[in-house]
Amino acid sequence: MATLLKIDSSPMGEHSISRKLTEQFASSWRKAHSGGAVVSRDLATTNIPAVNGLWVGAAYTPQDARNPEQQKALAISDALIAELQLANEYVIGVPMHNFGIPSTLKLWIDQVARVGKTFSYGADGPKGLLTGKKATLLVASGGVYEHGTAMASLNFVTPYLRAVFGFLGVTDVTIIAAEGTAQLMSGNLDPQTFLAPSLEKVQSHASL
Ligand SMILES: Cc1cc2nc3c(=O)[nH]c(=O)nc-3n(C[C@H](O)[C@H](O)[C@H](O)COP(=O)(O)O)c2cc1C
């Protein structure tokens, strides 16, 4: 069964642009994949701890040798990784925060990038284990970071996420950006007009 994992990370609730895009993606995806399932993970309401020494020690301890404390330390990581393994497609809503990703999404990445589960080290170096997956990143930013402009060098969101997903084995990554959301603050542009081109791109990509 086709399964879409929909991840949101904006803290802005109904005011969020990236959430409107992930909603559109999920609804178009459902229409195109009858019988498919959508699993939602909201990072704004999921309490994800920062990794610590206990976590790292547990991750590098063979599963059978982990004590109860180590098993507990990895419980949330196990659950989040299971969601990635189950789904064959991911859509992730990403607001730009301080030229990078929201801290909640970084906490999620630190939990799911795990040796022996989502990547391994072999003779040829690191190998991603989430193979055969497809990801769509829906990125909203207040400014415009168009390729070839001086602003582009300040966009640490998309190169970083491509690197992380590639490291985990997800190389089929599409990025759709809704840039310049700051214009909406001025009240000179209404959200529907602003969103229309991005929603159209999302709709057609989700239907593939
Ligand atoms: C804490 C915070 C930091 C932000 N930092 C940036 C930034 O560095 N560059 C930028 O272009 N926009 C920045 N913005 C604006 C957001 O990218 C913009 O509001 C975008 O629409 C967020 O996505 P969302 O609407 O889904 O929350 C920031 C917004 C917040 C709340």
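Here's a quick rundown of the structure. (Residues numbered from 1 in each chain as written. Predicted model: local features only at pLDDT ≥ 70, side-chain atom pairs only at ≥ 80, totals over all residues. Heavy atoms only, no water.)

### Side note on the site of the ligand
Taken together, the neighbourhood of the ligand is formed by 16 residues, with S10, S16, S18, G143 and Y145 sitting nearest. Here a nitrogen atom of the ligand sits 2.8 Å away from a polar atom, N or O, in the main chain of N98. Between the ligand and T181, the relevant distance is 2.8 Å, taken from an oxygen atom to a side-chain nitrogen or oxygen of the residue. Look at the ligand: alone it shows 630 Å² of surface, and the protein chains cover 72% of it. Every element with two or more residues in the shell around the ligand is listed here: α1 (17–32) and β6 (134–141). Counted by class, the shell around the ligand contains seven nonpolar, nine polar and no charged residues. (Near = heavy atom within 4 Å. Polar contact = N/O pair within 3.5 Å; in protein donor to acceptor, adjacent residues only side chain to side chain. Areas by Shrake-Rupley, 256 points an atom, 1.4 Å probe, with all protein chains shown as cover. Helix = DSSP H or I, 4+ residues; strand = E, 2+ residues; numbered from the N terminus. Nonpolar A, V, L, I, M, F, W, Y, C, P; charged D, E, K, R; others polar.)

### Focus: the packing of α1 against helix α8 (residues 191–206)
In contact at an axis separation of 8 Å, α1 and α8 are set at 35 degrees when each is read in the N-to-C sense. Here α1 and α8 pass one another in a crossing that is right-handed. In contact with I17, K20, L21, Q24, F25, S28, W29 and A32 of α1, α8 contributes F194, L195, S198, L199, V202, Q203, H205 and A206. In terms of residue class, the contact of α1 with α8 is built from ten nonpolar, five polar and one charged. (Axes fitted to C-alpha atoms, helices over the stretch in contact; angles between N-to-C directions. Left-handed = near helix turned anticlockwise from the far one by under 90°. Contact = heavy atoms within 4.5 Å.)

### Re the pairing of strand β4 (residues 119–122)
For a regular strand, side-chain orientation follows a simple rule: the groups alternate between the two sheet faces. Relative to strand β5 (residues 125–128), β4 runs antiparallel, the two being bridged by four bridges. Note that in β5 the partner of S120 across the bridge is K127. The hairpin turn running from β4 into β5, its antiparallel successor, is two residues long. (Pairing = 2+ DSSP bridges.)

### Things to note about the nonpolar core
Judged by nonpolar contacts, the single largest core of 31 residues is most densely connected at Y90, V94, L105, W108, L161 and F165. Among the secondary structure elements, those contributing two or more residues to this core are β1 (3–8), α4 (75–86), β3 (89–95), α5 (103–112), β6 and α6 (157–167). Once you skip the residues sitting within four places of it in the chain, L161 turns out to touch V94, I101, L105, I109 and L137. Of all hydrophobic cores here, the second largest spans 16 residues; its members include A140, I176, A178 and F194. (Core = buried A, V, L, I, M, F, W, Y, C linked by side-chain atoms within 4.5 Å. Buried < 20%, exposed > 50% of the residue type's maximum accessible area, 1.4 Å probe, protein only.)

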